Amino acid sequence: MARNPYDLNEYATSTIKSSNGTTYTATLWISTSVGVVKEWTLGPSGAEINYESEKVDDKNSPILTSSLSFPVMVEDLTQQVFINAIRTDFQERDVWITIRIGASGSYIWSGYVLMDMETREDVSFPYETTLTAIDGLATLKEIPFLRETSTEPTPATPTYPYVREDTWDNAGFQHIVGNSSSWLKILLDNVGQLLATDDTAHPSGDLENYTIQTAFNWWNEEMTPAAGTDPLANMRLSMRPFYSEDENGYMDVPNCYDVLKDICTNFGMRLVYWNNTFHFIQVNEYNTDESGAEPYTTPINIPTREYYYNGGIRVDRNYLGSGNYSLYKMVFENATNPGAGLQKLSGTNYQALPAIKKTTGTYLENAGTNVFNGFPLFLTHNTGSITPTAWTTDNAYHEFLQNPNLNGLEQTMEISNAKDLEGFVCKVYCDFSNTSTRAIKMETLWTIRAKPAASAWGDADNMTMYKHQATTYAELRWMSAVGEYPLANNQQYIRDYRWIPANTGTIAPVTIEIWNSTTTSTTNTTSNLIPTDSAFEDEWDFQFYTFTGFDNNAANPMNAQGETSEYSHGRITQISSSGGLTGSGSSIALKEVPTHYAFDYTDTIDLNLNPQYISQFVPIASGSSTFGTASTRTVTTQDSTDTYVYDIGELKYGDGTGANTITTIQVYDGSAWVFVDPDGKWAQGIYVWNGGTSQYDYSTLTYDQKIINLLSKNILYNQSESILTMSTTSALGETDKDYSGSSKLKFMNPLAKLNDTDGTEYILMRGKFNLSMDEWELNMVQIKYEVPTTVTSGDQVIPSLG
């Protein structure tokens, strides 16, 4: 869902003319109507765009955030009152600053003003005050990763505490990039960057829509490397690894920054905003040389795909950035010709970063994660809006259908593409209390219902599990027609009996196994699993329920009605011996309401587990013999005397066991979305520019690596030897500032690969661009790719729960 336009109006402009003659226009936009656009005088310190990375001296730092320091001269009381109002009267994203080339050229940067980030001098008019604006990436740390409106029961704006329907946990697998529901598009929506429609007066004129660029070069065996194909757009992920549910049924929600950072880290990318574009660039791609020739009318370097802000594909490019203010190849001119071209000023410092001896990383596979979310309790445990909360006393027959609920919220179990599973391991344990003086035998009667996540309970596409009785055996199946709720035939429920010892619960309850798919005869024909069904495509919700017939006026109140054989969950069918008293001291009688015996049960919960249940409902992939949460720790080492260990951290996505996980990547094989091979079938793309066909030719690849191995080796090979960092100040001179035969500036930018005077190549880690001076304060890191002679890589599987 698109956000509402900001309805911005131009309030003031400042013309910035740099020392080498480049003209920029800075415009202040506000969300209220204005009269004549003001002319503001820029302060003498000059406007500066500042880039910061989260990790210091780390070329793999995933996000570079940017901000603008915008000094203006406050010349009168009217201007001072307005600037005060920015802090007191406006909301966040009500005031924006844009920087464009000339009076009508492309935007190089835009951001919104932070209300509490103004600094000023305590002097009389005129004085300088500095406004600070940001690109919005950093403030993603303050924005929870939520839907705009919850999915059910009725669409509403999510409010804390959040439930699952407020989150993307139930969205299933979606594209990383390439359409309106892709994850990068959704995450960047939360940045809130400007769009053309935000301009009240000229919605198709002055303001511009931002774009998204990707430069990604890892390919799966199901893909065909080719020009015009984005492997990132041919991948799908689930967001479920980012969420967890607490013991009260509420969701632990990550912030958008952490989600975006983890995706970038997982796929070896860095993100930077420049030239009104969000660039996702694999660090390893910077090893690509520029193949185009000056003046770079047609740059040729890294294959790049560009998308509209709404996620749709815009254009396929043969180069990173743009053809002017985001040029890839930048070169420091010879210092013997001072003042000409792009210059490195005096005071440059170099430091060395150590060679990486070993990389470590963990893929959190979550193979067959336990999604059990509660077994239905007696209605006396109902809370919130779930009714009734007590056994009826109206002398009429009732059928109670109990679903799992926690603090008044019904609990479901969510699984993606369950049709691809072999089935489900199901084990149910409950803690029983029985303060009567006799052991009692309880009848259990339950099954499971299921629905597509987008449907409602009761819709025609619901399904219900039932016990099918064949001539010589019974097995569990799913109804292919409208799922009955309740089942029309009581004999189709899963029915068992459990003895509850006497005098339990006074000190501690007793834990009893209600059901176990690995031992029951009803799953013998389905590999001791609850079976799956071909209808379970995409995201489905599963939910236990019990069936209880009750009539307080009947001789046997807990008997169900209308069947030859009467069954009822919670019915006491036998007492260990005659006599005996209930917990209240009255005589024990059969088939009474559970409170008659002071008898009850709750879910068996282990607080050390996540989720905090000992019971299990675990999806099992075809051919899989294991289940439970599993991870893989990968260590990649080179044979050297170095000691530096680079810790990648935890990866959310990789090559798991398909539908048995929530973290396995899906790829498009040309006709369908499939889970990647768990053995790892990825490769680094190899391409060369073909001048004759004016496109890239891709080599045939050997697909033999897992994602985590590919990432580990990329990081190691790009720092297998000691590399340099460079701290310097660069300036674009007054002469020779354009490439020969053109008006293209030798314009340093955050995307560039900068050649030092000795030929060493660097990319930006942090920097500050003073527009008035045409100067960059640069902190760069060397690009150097070297495959060590001997490299070993090993995987350690971390044991699962199951």
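Since the structure is predicted, the reported quantities are computational estimates derived from the model, not experimental observations.

Visitor: Looking at this structure, how should I read the overall build of the chain?
Guide: Counting secondary structure elements, the chain contains four helices and 49 strands. Its C-alpha atoms put the chain at 110 × 70 × 45 Å along the principal axes. Going through the 802 residues of the chain one by one, you find that 57% of them count as buried. Per element, the accessible surface of the chain, about 31500 Å² overall, is 47% carbon and sulfur. Taking the 48 positively charged and 95 negatively charged side chains of the chain as two groups, their mean positions are separated by 3 Å.

Visitor: What exactly am I supposed to notice about the packing of aromatic side chains here?
Guide: Geometrically, a pair of aromatic rings is defined through the distance of the ring centres and the angle of the planes. Per the stated rule, a full pass over the model turns up 57 aromatic pairs. Look at Y11 and W40: their rings are 6.1 Å apart centre to centre, the planes differ by 80°, and that puts the pair in the edge-to-face class. Of the two residues, Y11 sits in strand β1 (residues 9-17) while W40 sits in the loop between β3 (38-39) and β4 (48-53), which places them 29 residues apart along the sequence. One exposure class covers both Y11 and W40, and it is buried. One aromatic cluster is present, formed by F372, F375, F424, W446, W478, W515, F536, W540, F542, F544 and F617 through successive ring pairs. Against the face of Y6 rests R3, its NZ or CZ located 3.9 Å from the ring centre.

Visitor: In this structure, what is going on with the pattern of salt bridges? I would like to understand it.
Guide: A pair can form between side chains of opposite charge whenever their charged atoms are brought close. This structure, assessed with the given rule, holds 28 salt bridges. Among the salt bridges present, the one from R100 reaches E208, with a minimum N-O distance of 3.3 Å. Taken together, the residues span a long stretch of sequence, with R100 in strand β6 (residues 95-101) and E208 in the loop between α2 (183-189) and β11 (211-215) at a distance of 108 residues. A residue is classified by how much of its surface remains accessible, and E208, at 28% relative accessible area, is partly exposed. A salt bridge links D756 to K344; its shortest N-O distance comes to 2.8 Å. Of this pair, D756 sits in the loop between β46 (753-755) and β47 (761-770) while K344 sits in strand β21 (residues 342-344), and the two are 412 residues apart along the sequence. Residue D756 is classed as buried on the basis of its relative accessible area, which comes to 3%. By relative accessible area, K344 is classed as partly exposed at 22%.

Visitor: Could you clarify how one ought to interpret the sheet that holds strand β10 (residues 173-175) in this entry?
Guide: Strand order across the open sheet formed by four strands is β10-β13-β40-β41, with antiparallel pairing between neighbours. Both outer strands of the open sheet, β10 and β41 (673-675), are each paired with one neighbouring strand and no more. Averaged over all pairs of adjacent strands, the angle between their axes in this sheet comes to 35°, without regard to strand direction.

Visitor: Would you mind showing me how to read the nonpolar core here?
Guide: What tends to happen in soluble globular proteins is that the nonpolar side chains get buried as a cluster. Core analysis: the biggest nonpolar cluster contains 139 residues, and M239 and F267 have the highest contact counts within it. Examining the composition of this core, we find that seven residues originate from one element, helix α4 (residues 707-717), more than from any other. In contact with F267, not counting residues within four places along its chain, are I176, F216, W218, M235, L237, Q282, Y653, I665 and I707. Grouped together as the second largest cluster of nonpolar side chains are 50 residues, F375, I415, L421 and V593 included.

Visitor: Help me understand the sheet that holds strand β23 (residues 356-363) in this model?
Guide: Strand pairing in a sheet takes place through backbone hydrogen bonds and is either antiparallel or parallel in direction. Strand order in the open sheet made by the four strands is β39-β23-β38-β49, with mixed pairing throughout. If you trace the sheet from one side to the other, it starts and ends with β39 (644-651) and β49 (791-798), each paired once. On average, each strand axis in the sheet is tilted by 15° relative to the strand beside it, whichever way the strands run. As defined by bridge partners, β23 adjoins β39 across seven bridges and the pair is classed as parallel.

Visitor: Quick question: what am I supposed to make of the side chain of D169 here?
Guide: Counting through the fold element by element, D169 comes out in the loop between β9 (127-134) and β10. Contact partners of D169, with chain neighbours within four places excluded, come to R164, R240, Y243, M251 and E539.

Visitor: What is the right way to look at empty space enclosed by the protein in this model?
Guide: A complete count under the given rule lists seven cavities of 30 Å³ or more for this structure. Those elements that place two or more of their residues in the lining of the largest cavity are α3 (256-266), β39 and α4. A total of three residues in the lining of the largest cavity trace back to one element, the largest contributor, which is α4. Residues that form the lining of the largest cavity fall into these classes: seven nonpolar, seven polar and one charged. Its boundaries defined by the atoms lining it, the second largest cavity holds a volume of some 80 Å³. Looking at the lining of the second largest cavity, the element that brings in the most residues is strand β27 (residues 413-416), giving three residues. Here the residues of the lining of the second largest cavity sort into seven nonpolar, four polar and two charged.

Visitor: Looking at this model, I keep getting lost on helix α1 (residues 77-88). Mind explaining?
Guide: Structurally, the α-helix is built with 3.6 residues per turn, so residues lying three or four positions apart point the same way. Here α1 is twelve residues long and its end C-alpha atoms lie 16 Å apart, about the 16 Å a rise of 1.5 Å per residue gives. Here α1 has its buried residues at Q79, F82, I83, A85 and I86. Viewed end-on, α1 has its buried residues packed into an arc of 150°, placing them on one side of the element. Exposed residues lying more than 90 degrees from the buried face of α1 are L77 and T88. Near the N-terminus of α1, the side chain that reaches the backbone nitrogen of T78, with its oxygen 3.3 Å away, is that of D76.

Visitor: I tried to follow the environment of P750 on my own but got confused; where do I start?
Guide: Along the polypeptide, P750 turns up in the loop between β45 (723-732) and β46. Sequence separation between P750 and N528 is 222 residues; the distance between their C-alpha atoms is 58 Å. The contact partners of P750, leaving out residues within four places of it in the chain, are Y51, R270, V272, W274, L764 and W776.

Visitor: Help me understand α4 in this model?
Guide: Of all eleven residues in α4, ten are buried; the element is thus mostly enclosed. Along α4, the positions that sit buried rather than exposed are I707, I708, N709, L710, L711, S712, N714, I715, L716 and Y717.

Visitor: Any chance you could explain the environment of T602 here in plain terms?
Guide: One can find T602 in strand β36 (residues 599-603). For T602 and N382, which are 220 residues apart along the polypeptide, the C-alpha to C-alpha distance reads 12 Å.

Visitor: Please explain unusual backbone geometry as it appears in this structure.
Guide: Note: most peptide bonds trans; most residues except glycine with negative phi. At the junction of F125 and P126, the peptide bond is cis and its omega measures out at -15° in the coordinates. Within the secondary structure, P126 sits in the loop between β8 (119-120) and β9. A cis amide bond, omega -5°, links T387 with the succeeding residue P388. Mapped onto the elements, P388 comes out in the loop between β23 and β24 (398-402).

Visitor: How do you make sense of the state of the cysteines when you look at a structure like this?
Guide: The term disulfide refers to a covalent linkage connecting the sulfur atoms of a pair of cysteines. For the structure on display, the rule yields zero disulfides. Not engaged in a disulfide, the cysteine C426 finds its nearest cysteine sulfur in C430; these two sulfurs lie 11 Å apart. Since its relative accessible area comes to 0%, C426 is described here as buried.

Each value, and the rule that gives it
Residues numbered from 1 in each chain as written. Predicted model: local features only at pLDDT ≥ 70, side-chain atom pairs only at ≥ 80, totals over all residues. Heavy atoms only, no water. Helix = DSSP H or I, 4+ residues; strand = E, 2+ residues; numbered from the N terminus. Buried < 20%, exposed > 50% of the residue type's maximum accessible area, 1.4 Å probe, protein only. Areas by Shrake-Rupley, 256 points an atom, 1.4 Å probe, with all protein chains shown as cover. Lys, Arg positive; Asp, Glu negative; His and termini not counted. Charge placed at Lys NZ, Arg CZ, Asp CG, Glu CD. Phe/Tyr/Trp six-rings, centres within 6.5 Å; stacked < 30°, edge-to-face > 60°. Lys NZ or Arg CZ within 6 Å of the ring centre and 35° of its normal. Salt bridge = Lys/Arg side-chain N within 4 Å of Asp/Glu carboxyl O. Pairing = 2+ DSSP bridges. Axes fitted to C-alpha atoms, helices over the stretch in contact; angles between N-to-C directions. Core = buried A, V, L, I, M, F, W, Y, C linked by side-chain atoms within 4.5 Å. Contact = heavy atoms within 4.5 Å. 1 Å grid on protein atoms, 1.4 Å probe; cavity = no way out; pocket = protein on both sides within 12 Å on 5 of 7 lines; lining within 4 Å. Points joined across faces, edges and corners; volume = space filled by probe spheres on them. Nonpolar A, V, L, I, M, F, W, Y, C, P; charged D, E, K, R; others polar. Expected span 1.5 Å × (residues − 1). Arc of directions from axis to C-beta. Polar contact = N/O pair within 3.5 Å; in protein donor to acceptor, adjacent residues only side chain to side chain. Disulfide = S-S within 2.5 Å.

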